[in-house]
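Okay, here's what each chain looks like letter by letter:
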Amino acid sequence: MTEKTDVVLIGAGIMSATLGALLRQLQPDWSITMFERLDAAAPESSDPWNNAGTGHSALCELNYTPQNADGSVDITKAIDINERYQVSRQFWAYGAENGILDDPSGFINPIPHVSFCHGADGVEYLRRRHAALSRHPLFEGMEFIDGQDEFAARLPLMAKGRDYSNPVALNWTQTGTDIDFGSLSRQLLAYLGSSGVDIAFGTEVLNLAKQSDGSWTMKVRNTRTRTTRKINAKFVFVGAGGYALPLLQKSGIKEIQGFAGFPVSGQFLRCTNPELIAQHQAKVYGKAAVGAPPMSVPHLDTRVVNGKPGLLFGPYAGWTPKFLKDGKFSDLVKSVRPGNLTPMLGVAATEFGLVKYLVSELAKSQSGKVNTMEEFIPRADGHDWELITAGQRVQIIRRQGAGGVLELGTAVIAAGDGSIAGLLGASPGASTCVSAMLDVMQRCFPREYADWTPKLKEMVPSLGVKLSENQALYQEVWDWSTKALRLGRDAAATAELAHS
């Protein structure tokens, strides 16, 4: 017997949870089923210790503001990413006001975002970056700091023992945030479950096949009992992290042909000393070493997980052929197809810098990792830190000409008839989840999308408008979202106090 549903969401991370919440608001009469192969919500890339949680808004990430050959700073990508982050922030504010999210403090907390460089060239780069960004409405209020006393006042942990004969500078934005995407996902899933969505944990999708009526039939298996069942859906979204690629390959849609994936794992040093954690309240991003890929950008990162502050430094790259942290060593090999072999070989030949970087990272000892951290914390002591393994990322390899190119962003892959879609790639990922899912909806439900637009504008008031070109609207939605999230935090705190 084959079960029926309108929508299947594969994966219980931030992307599927976001799409489910949007569809529940827009089309409450649709039946939705979600499958998660593990026994918990958001256990992979959305888990707070598996990602940096910066709320990628391009306030501090220097790889989004590259320096041109003439010394000028290109802020195009930073503006685009910040625009998309603002879309997510508006939906979260709407969710806090309308019962979708019950405690904003559980997932979003104010933390300054800081860019850090040293040396004369680095200081000059940050000066030019600040000049380019601070004039822009989305980055108004960013500060340039190059004074020793001010540096020490704001970043005491980084200042202690520092040799200032090597000049330092900061770009400082007070309005940054830390985001726990695991908590956010769980709140969205709680809403979905309470609204009638069928959420099946410990259930993996084995295969999926297109039917003559355009729907999809999937065979799913309970990972505990090993029993299987079939389910038919009119629409399927594959939000399965690294496993999105193999599942889309199994679907056979032509749009996935030529795509491949390159898995990269990561490690962080996590602070175990509460005194050090208390001395640093900021997300501080530096520049990648010469020749190193953008994914290697070092950062000293304040986190707020389960209401408690933490401190990470990294990333240190690792490598495994798995496509998920809880994946299989055969994942990479099984993803190879005749159509993506040439792009994979092309990337292998051209990305020598990445290979060199990975080899050097794998060869680093624990003490070597601590030594790397001394650029940020001159008096770093390895006894205060533990090494943890972060989430697994599968970077996109896309066919280009006769070869391939490695992309470090995200990409929505959708069938031409809109019956199935999935998300590939990593950063900026979770922070732009709402704009990514709006893209999915616009491409897969073009007729319905026109009818949904008035409701969508309630959820995202800036929908269809570039905030970077409308300063008044930007200020309006920023003030509204800030107030909504603050009131949501206050209401949750009051409820908790009353309960206790």
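Refer to the structure printed above.
Below is a short write-up of the structure. Here the structure is a predicted model, which means the values were calculated and not measured. (Residues numbered from 1 in each chain as written. Predicted model: local features only at pLDDT ≥ 70, side-chain atom pairs only at ≥ 80, totals over all residues. Heavy atoms only, no water.)

For the rest of this paragraph, the subject is the overall build of the protein chain. Secondary structure summary: the protein chain contains 15 helices and 20 strands in total. Counting over 500 residues, the protein chain shows a buried share of 57%. Looking at the protein chain alone, contacts between residues at least 24 apart form 72% of all its contacts between residues at least 6 apart. With the model as given, the accessible surface of the protein chain reaches about 20800 Å², and the carbon-plus-sulfur share is 52%. In the protein chain, the 49 positive side-chain charges and the 51 negative ones have mean positions that sit 7 Å from each other. (Helix = DSSP H or I, 4+ residues; strand = E, 2+ residues; numbered from the N terminus. Buried < 20%, exposed > 50% of the residue type's maximum accessible area, 1.4 Å probe, protein only. Contact = heavy atoms within 4.5 Å. Areas by Shrake-Rupley, 256 points an atom, 1.4 Å probe, with all protein chains shown as cover. Lys, Arg positive; Asp, Glu negative; His and termini not counted. Charge placed at Lys NZ, Arg CZ, Asp CG, Glu CD.)

Before going further, it helps to examine a nonpolar patch on the surface. A cluster of nonpolar side chains, Val 336, Leu 341 and Leu 345, forms an exposed patch at the surface whose accessible area comes to about 250 Å². Structurally, Leu 345 is set in helix α10 (residues 338–350). By relative accessible area, which is 55% here, Leu 345 ends up exposed. (Patch = residues over 30% accessible without salt bridge, like charges linked within 9 Å, V, L, I, M, F, W, Y side chains within 5 Å. Salt bridge = Lys/Arg side-chain N within 4 Å of Asp/Glu carboxyl O.)

Counted under the stated rule, the structure contains 14 aromatic pairs. The interplanar angle of 65 degrees and the centroid separation of 6.4 Å between the aromatic rings of Trp 92 and Phe 181 together place this pair among those described as edge-to-face. A residue pair is termed long-range when its members are at least 10 positions apart, and Trp 92 in helix α2 (residues 76–97) and Phe 181 in helix α6 (residues 181–194) qualify at 89 residues. Residues Trp 92 and Phe 181 agree in their burial class; the two are buried. Following the ring pairs from residue to residue traces out a cluster consisting of Phe 116, Phe 151, Tyr 164, Phe 313, Tyr 316 and Phe 376. Above the plane of the ring of Trp 478 lies Arg 89, whose end atom (NZ or CZ) is 3.8 Å from the centre. (Phe/Tyr/Trp six-rings, centres within 6.5 Å; stacked < 30°, edge-to-face > 60°. Lys NZ or Arg CZ within 6 Å of the ring centre and 35° of its normal.)

Across its 14 residues, α6 extends 20 Å between first and last C-alpha, which sits within 8% of the 20 Å expected from 1.5 Å per residue. Of all 14 residues making up α6, 10 are buried, and the element is well covered by its neighbours. Considered for burial, the residues of α6 that qualify are Phe 181, Gly 182, Ser 183, Leu 184, Ser 185, Gln 187, Leu 188, Leu 189, Tyr 191 and Leu 192. For α6, the elements touching its buried residues are α1 (14–26), β2 (32–36), α2, β7 (177–179) and β8 (198–201). N-capping of α6 is provided by Asp 180, with a side-chain oxygen placed 3.0 Å from the backbone N of Gly 182. The positive-phi residue at the C-terminal boundary of α6 is Gly 196, with phi of around 100 degrees. (Expected span 1.5 Å × (residues − 1). Polar contact = N/O pair within 3.5 Å; in protein donor to acceptor, adjacent residues only side chain to side chain.)

Next up on the list: the pairing of strand β10 (residues 216–222). Taken across its seven residues, β10 has five buried, putting it largely inside the fold. Summarising the sheet, strand β9 (residues 203–210) and β10 pair through seven bridges and their orientation is antiparallel. Bridged to Thr 203 within β10 is Asn 222. Taking the residues that link successive antiparallel strands as the turn, the β9-β10 hairpin has five residues, and the phi of Gly 214 there is positive, at about 90 degrees. Hairpin connection, β10 to strand β11 (residues 228–238): the antiparallel pair is bridged by five residues, and Arg 226 has positive phi, about 65 degrees. (Pairing = 2+ DSSP bridges.)

On to the environment of Ala 159, then. Here Ala 159 is to be found in helix α5 (residues 156–159). Taking the C-alpha atoms as reference points, Ala 159 and Pro 263, separated by 104 residues in sequence, lie 36 Å from one another. Excluding residues that lie within four positions of it along the chain, Ala 159 makes contacts with Phe 151, Ala 152 and Tyr 164.

Soluble globular proteins: nonpolar side chains tend toward being buried together. Core analysis: the biggest nonpolar cluster contains 58 residues, and Trp 92, Phe 237, Met 441 and Leu 456 have the highest contact counts within it. For Phe 237, the contacting residues outside a window of four places in its chain are Val 8, Leu 9, Ile 10, Met 15, Ser 16, Leu 19, Ala 421, Gly 422, Leu 423, Met 437 and Val 440. Core analysis: the next-biggest nonpolar cluster, separate from the first, contains 37 residues, Val 236, Ile 256, Phe 259 and Phe 323 among them. (Core = buried A, V, L, I, M, F, W, Y, C linked by side-chain atoms within 4.5 Å.)

On their own, these measurements won't tell you what the molecule is for.
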